[in-house]
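# Reading the structure
These are the residues of each chain, in order.
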Amino acid sequence: MASYRGGTRTNNEILTIFFTRLWELKIPSKIRILIWRIAHDYLPTLHNLRVRSLVVNTLCPVCQMEEESVDHLFRVCTFTQQVLWGVGVTVSTCNRESSWKNWLAAEFVNQSIEACKIRSIAYWAIWYNRNKLYHEGMREQAHEVVGFIKAYYAETTILGERL
Ligand SMILES: [Zn+2]
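Looking at an unreviewed UniProt entry, the protein carries the name Reverse transcriptase zinc-binding domain-containing protein, with the source organism given as Gossypium arboreum.

Set out below in structure tokens:
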């Protein structure tokens, strides 16, 4: 159970609201699909590749501090925290969900549509940035990723009706 605007909802209800809200966001479908994959942990993170014996070194390529899992890459990683802070995405202090999927769902359910939209774009940019670093060795600064997210958000807001 988690609180939601004064009432209480079950995890299933929160997940339903999360996915409904995700599908209603005016963002390109490639971003929507990525968020869906992040929520279900259907991403080739180094943790998931190790489980399939495809890699040995699972250290996060971005911060080199911990194993790279979806939870690490989109919540714990210091680079991600800098980027989210830079675009004004704040983490709900009341969100005590322990599983990654429920935590993410509660974040989406407890925040405004615009905050969900910018968080979605930010996650997409963070995954893109991680791939560029992991596969091509190209490292960007947090402020550069922040600048990209803000510009992309402004662009999709202007074009929103056409998406
Ligand atoms: Zn990291």
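### Considerations on the packing of helix H7 (residues 113-136) against helix H8 (residues 142-159)
Remark: H7 packs on H8, axes separated minimally by 10 Å, with the N-to-C direction vectors making an angle of 130°. The orientation of H7 relative to H8 falls into the category oblique. Regarding H7 and H8, the two cross each other, and that crossing is right-handed. Of H8, the residues touching H7 (which contributes Glu114, Lys117, Ile118, Ile121, Ala122, Trp124, Ala125 and Asn129) are Val145, Phe148, Ile149, Tyr152, Tyr153, Thr156 and Thr157. Residues belonging to the contact of H7 with H8 are distributed by class as follows: 10 nonpolar, 3 polar and 2 charged.

### A look at the UniProt feature "domain: Reverse transcriptase zinc-binding" (unreviewed entry) in the protein
UniProt feature "domain: Reverse transcriptase zinc-binding" (unreviewed entry): in the numbering of this structure it lies at residues 17-83. Counting secondary structure, residues 17-83 comes out at 57% helix and 0% strand; the distance between its end C-alpha atoms is 26 Å.

### A word on the coordination of the zinc ion
Here the zinc ion is held by the protein donor atoms Cys60 (SG), Cys63 (SG), His72 (NE2) and Cys77 (SG), which lie 2.1 to 2.4 Å from it. In primary-sequence terms, the residues that donate to the zinc ion follow C-x2-C-x8-H-x4-C. Separated by 17 residues along the polypeptide, Cys60 in the loop between helix H3 (46-51) and helix H4 (70-76) and Cys77 in the loop between H4 and helix H5 (78-86) bring together distant segments of the chain. The residues Cys60 and Cys77 share a single accessibility class, namely buried.

### A word on the side chain of Glu68
In this structure, Glu68 sits in the loop between H3 and H4. For Glu68, a relative accessible area of 0% translates into the label buried. A polar contact of 2.8 Å, which involves the side chain of Glu68, links it to the backbone nitrogen of Leu46. Those residues in contact with Glu68 that sit more than four places away from it in its chain are Thr45, Leu46, His47, Thr58, Cys60, Pro61, Leu73 and Arg130.

### Notes on the environment of Trp36
Looking at the secondary structure, you find Trp36 in helix H2 (residues 29-39). Exposure remark for Trp36: the relative accessible area of 32% places this residue in the partly exposed category. Here the alpha-carbon distance between Trp36 and Lys117, two residues 81 residues apart in the chain, equals 13 Å. Discounting residues that sit within four places of it in the chain, Trp36 has contacts with Phe19, Leu22, Trp23 and Tyr42.

Rules and cut-offs
Residues numbered from 1 in each chain as written. Predicted model: local features only at pLDDT ≥ 70, side-chain atom pairs only at ≥ 80, totals over all residues. Heavy atoms only, no water. Axes fitted to C-alpha atoms, helices over the stretch in contact; angles between N-to-C directions. Helix = DSSP H or I, 4+ residues; strand = E, 2+ residues; numbered from the N terminus. Parallel < 35°, antiparallel > 145°, perpendicular 65-115°, else oblique. Left-handed = near helix turned anticlockwise from the far one by under 90°. Contact = heavy atoms within 4.5 Å. Nonpolar A, V, L, I, M, F, W, Y, C, P; charged D, E, K, R; others polar. UniProt positions renumbered as here; feature names shortened; annotations may be inferred. Donors = N, O, S within 2.8 Å, 3.2 Å for Na, K, Ca; no water. Buried < 20%, exposed > 50% of the residue type's maximum accessible area, 1.4 Å probe, protein only. Polar contact = N/O pair within 3.5 Å; in protein donor to acceptor, adjacent residues only side chain to side chain.

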